[in-house]
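Here are the chains, one letter per residue:
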Amino acid sequence: MQLPSGKALDITLENFIPRGALVRGPKGGVVVLVVATGVDTKLVLNQGKPYYKISSTEKSMNIIFLRQIFQIFGVAAFCAVMARRFIGENLTRMPYVFEGIEPGQEGLYSFAVFFSSWLILVRFLPFDVVFQTETSKIIYAKFIENDANMIHFDEEDKEYITAKVQSMQIIEEAGKVDHLFCDKTGTLTQNDLTVKAFSVNGRLCKGESMEEINKKVADTCPDQDAFDLFLCFCLCNEVRVGRDETTGAIEFDGASQEEIIFLQQCQVSSFFELVKTDQYTMSVLDKRSGATKVYKKLRNIAFSSKRKMQTMVVQPEEGGPITVYSKGADMAIYPRLAGEDNDAVKQMKDSLDKFAANGLRTLCFAIKHFDSSVLPEHIESMEESMIESNFRLTAVSGMEDRLQEDVFTCIKDFQAAGIRTWILTGDKDSTAKSIGYQCGILDENREVVQINDIKHSEMTKFLESLETTLKDKDALISGTAVNNLMDAIRDTRDSATQKRYVKNFLQCKGFVVYRSSPAEKASVVRFVREFCPG
């Protein structure tokens with residue numbers, strides 16, 4: 001797009017915002033280009049046809065009513081046909097019976113017989129069932145709202161809050177739920193992240209606050225290691241930087257809460273702080289010298305649920321070496337590291353495993369410097385595999401996301417009610433396992449069967465062994481493995497064998513799926529809906 005100033009502006013997905021979004025820009029305003037409106041917008045196209053949600057009880061009642069209506073219609077039609085036949089045979093012979101009916105009016109009389117029969121028979125429709133059902137809903141809704149076990153005391157407002165029944169359909173359907181699927185972040189947890197520890201080039205830095213951790217980094221780590229880590233925080237992200245209109249304080253806005261937390265960590269550090277961003281540059285304040293350094297964004301390889309990492313290629317605006325900063329899951333970063341693991345890398349990997357075993361969310365940070373022969377114009381056309389290779393692992397982090405209140409009790413109540421609860425998370429196996437124990441989905445007294453991958457050649461053998469492999473045990477299975485397993489069950493042609501596989505697959509007590517993408521989570525839910533209709 002060509003701006004009035006003559007400057008060319010690239011339009012990417014980062015420039016698109018949904019309706020209702022808050023735009024924070026310079027005082028001079030922003031340039032807006034409306035790409036599509038009305039029925040051509042993605043919002044309207046994705047809406048589909050209107051769908052009215054009704055409970056299964058109402059569906060059953062509708063089916064009963066429709067059947068009875070058709071039966072009444074059939075009986076009334078039969079009466080009309082028989083009346084027409086009787087009149088045709090006896091009108092002239094029995095005129096005293098059909099007084100007022102002239103020859104040729106037989107059809108009109110049979111039509112009157114049809115509606116008379118309809119009005120008589122329609123009384124058999126069970127309208128009282130509808131009245132009793134709706135009355136029952138009102139009564140048990142009042143029981144729920146006055147249940148002493150469903151009262152919460154609000155500490156802030158100093159008042160008791162009771163349960164509110166706002167949908168009768170939910171109450172009816174809740175009693176028929178047999179499987180419950182939940183994500184970890186924001187569902188089981190509060191989605192309120194707190195940095196608990198870093199391992200910077202093999203040096204462990206733990207603390208209860210950002211300031212305490214930053215102090216340990218400054219005291220125990222060589223300057224260059226700390227600089228690499230905090231520059232990675234500042235430069236490897238997709239956060240937008242703004243300022244509060246009244247106080248002028250820097251504010252961060254972005255889709256990733258982790259990135260915002262790391263930038264806030266930079267704000268209370270003595271190293272670097274991100275102070276400004278635009279489409280092409282990022283400005284970083286060096287707190288030691290007070291100077292602001294501008295970095296050009298040469299390329300951003302965005303994070304995705306498939307890649308599980310993000311990479312940013314930058315260069316100082318005044319010139320200098322091109323640097324690649326990357327962050328992501330251990331399974332994405334480890335294979336891209338250069339050479340053999342030295343003692344520092346081994347210590348960081350060991351620290352990451354311990355973080356995950358304690359239920360912390362883990363992340364790896366890596367860095368790479370190009371030599372002077374690589375020019376900025378080479379970066380755009382360079383293969384991603386060339387950019388994201390030969391990294392040096394600079395640090396790993398552990399972040400705590402506290403569980404919601406009473407999660408353990410809530411899940412135990414679900415289990416007591418016969419509802420099987422599954423965790424579907426994108427975290428690594430040890431983190432997912434720790435959260436599973438904390439939530440009560442996994443039990444210390446049961447064996448946990450971990451399934452990382454299933455070879456295609458061994459799939460049939462594995463399916464046959466499910467009866468003994470998972471019976472009365474807990475399952476910890478990767479997103480890839482569970483989807484391969486479900487696809488194999490779907491492809492089973494023999495119906496009896498397929499049902500046996502499904503029964504054996506779902507017989508485990510606790511079920512935790514780790515390293516699963518959004519598409520894999522949706523596939524799990526579809527599978528259970530398909531083979532366990534409730």
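None of these values were measured; they are calculated from a predicted model.

A few points about the packing of aromatic side chains
When we look at a pair of aromatic rings, we describe it by the centre distance and by the angle of the planes.
Alright, step 1. Overall, the coordinates contain 19 aromatic pairs when judged by the stated rule.
Alright, step 2. Here Phe65 and Phe127 contribute two aromatic rings whose centre-to-centre distance is 5.8 Å and whose plane-to-plane angle is 55°, an arrangement assigned as tilted. A residue pair is termed long-range when its members are at least 10 positions apart, and Phe65 in helix α2 (residues 56-90) and Phe127 in helix α4 (residues 127-145) qualify at 62 residues.
Alright, step 3. Residue classification places Phe65 among the buried residues on the basis of a relative accessible area of 15%.
Alright, step 4. For the ring pair Phe227 and Phe271, a centre distance of 6.0 Å and an interplane angle of 70° mean the geometry is edge-to-face. Note that Phe227 is positioned in helix α8 (residues 223-235) and Phe271 in the loop between α9 (257-267) and β8 (272-277), a separation of 44 residues in sequence.
Alright, step 5. On the accessibility criterion, Phe227 (11% relative accessible area) is buried.
Alright, step 6. Each residue in the set Phe198, Phe227, Phe230, Phe233, Phe262, Phe271, Phe272 and Phe365 is aromatic and connected to the rest through ring pairs, giving one cluster.
Alright, step 7. Taking NZ or CZ as reference, Arg288 lies 3.8 Å from the ring centre of Phe227, over its face.
Alright, step 8. Here the basic side chain of Lys349 rests over the ring of Tyr334, its NZ or CZ set 4.5 Å away from the ring centre.

Some words on the nonpolar core
For soluble globular proteins, the rule of thumb is that nonpolar side chains tend to be buried together.
Alright, step 1. Of all hydrophobic cores here, the largest spans 42 residues; its most connected members are Phe198, Val217 and Leu235.
Alright, step 2. The biggest single contributor to this core is α8, with nine residues.
Alright, step 3. Residues contacting Phe198, with those up to four places away along its chain left out, are Arg203, Leu204, Cys205, Ile213, Val217, Leu229, Phe233, Phe262, Gln265, Phe355, Val396 and Ser397.
Alright, step 4. By size, the runner-up hydrophobic cluster in this structure holds 29 residues, among which are Met459, Phe462, Leu463 and Leu506.

Some thoughts on the sheet that holds strand β16 (residues 448-451)
Alright, step 1. The five strands lie next to each other as β3-β15-β18-β17-β16, forming an open sheet whose pairing is parallel. The open sheet has two free edges, formed respectively by β3 (179-182) and β16, since each of these has just one partner strand. Going from strand to strand, the sheet's axes swing by 15° on average, the running direction of each strand aside.
Alright, step 2. The sheet contact formed by β16 and strand β17 (residues 474-478) spans four bridges and is parallel. Considered in β17, the bridge of Gln450 is made with Leu476.
Alright, step 3. Lying on the sheet, helix α20 (residues 518-531) is in contact with β3 and β15 (420-424); it crosses β15 at an angle near 160°.

Section: the pattern of salt bridges
Alright, step 1. Evaluated as defined, the whole model comprises 32 salt bridges.
Alright, step 2. Note that Asp286 and Arg288 form a salt bridge whose closest N and O atoms lie 2.8 Å from each other.
Alright, step 3. Looking at Arg288, the relative accessible area reads 45%, which means it is partly exposed.
Alright, step 4. The salt bridge partner of Lys428 is Asp330, with a shortest N-O separation of 3.0 Å. With Lys428 in the loop between β15 and α15 (429-439) and Asp330 in helix α10 (residues 330-333), this residue pair connects regions lying 98 residues apart in the sequence. One exposure class covers both Lys428 and Asp330, and it is buried.
Alright, step 5. Three or more residues joined by partner-sharing salt bridges are found here, namely Lys196, Glu208, Glu400 and Arg402.

With respect to the packing of helix α14 (residues 407-416) against α15
Alright, step 1. Running from amino to carboxyl end, α14 crosses α15 at an angle of 75°, the nearest separation of the two axes being 8 Å. Between α14 and α15, the angle is such that the two are roughly perpendicular. On α15, the residues touching Val407, Phe408 and Ile411 of α14 are Tyr437, Gln438 and Cys439.
Alright, step 2. Class assignment for the residues of the contact of α14 with α15 results in five nonpolar, one polar and no charged.

Thoughts on α20
Alright, step 1. Taking 1.5 Å per residue as the helical rise, α20 with its 14 residues ought to reach 20 Å, and the 20 Å between its terminal C-alpha atoms agrees with that figure.
Alright, step 2. Within α20, the full set of buried residues consists of Glu520, Lys521, Ser523, Val524, Phe527 and Val528. In an axial view of α20, the angular spread of the buried residues amounts to 160°, which keeps them on one side of the axis. Exposed residues pointing more than 90 degrees away from the buried face of α20 are listed as Pro518, Ala519, Arg526 and Arg529.

Rules and cut-offs
Residues numbered from 1 in each chain as written. Predicted model: local features only at pLDDT ≥ 70, side-chain atom pairs only at ≥ 80, totals over all residues. Heavy atoms only, no water. Phe/Tyr/Trp six-rings, centres within 6.5 Å; stacked < 30°, edge-to-face > 60°. Helix = DSSP H or I, 4+ residues; strand = E, 2+ residues; numbered from the N terminus. Buried < 20%, exposed > 50% of the residue type's maximum accessible area, 1.4 Å probe, protein only. Lys NZ or Arg CZ within 6 Å of the ring centre and 35° of its normal. Core = buried A, V, L, I, M, F, W, Y, C linked by side-chain atoms within 4.5 Å. Contact = heavy atoms within 4.5 Å. Pairing = 2+ DSSP bridges. Axes fitted to C-alpha atoms, helices over the stretch in contact; angles between N-to-C directions. Salt bridge = Lys/Arg side-chain N within 4 Å of Asp/Glu carboxyl O. Parallel < 35°, antiparallel > 145°, perpendicular 65-115°, else oblique. Nonpolar A, V, L, I, M, F, W, Y, C, P; charged D, E, K, R; others polar. Expected span 1.5 Å × (residues − 1). Arc of directions from axis to C-beta.

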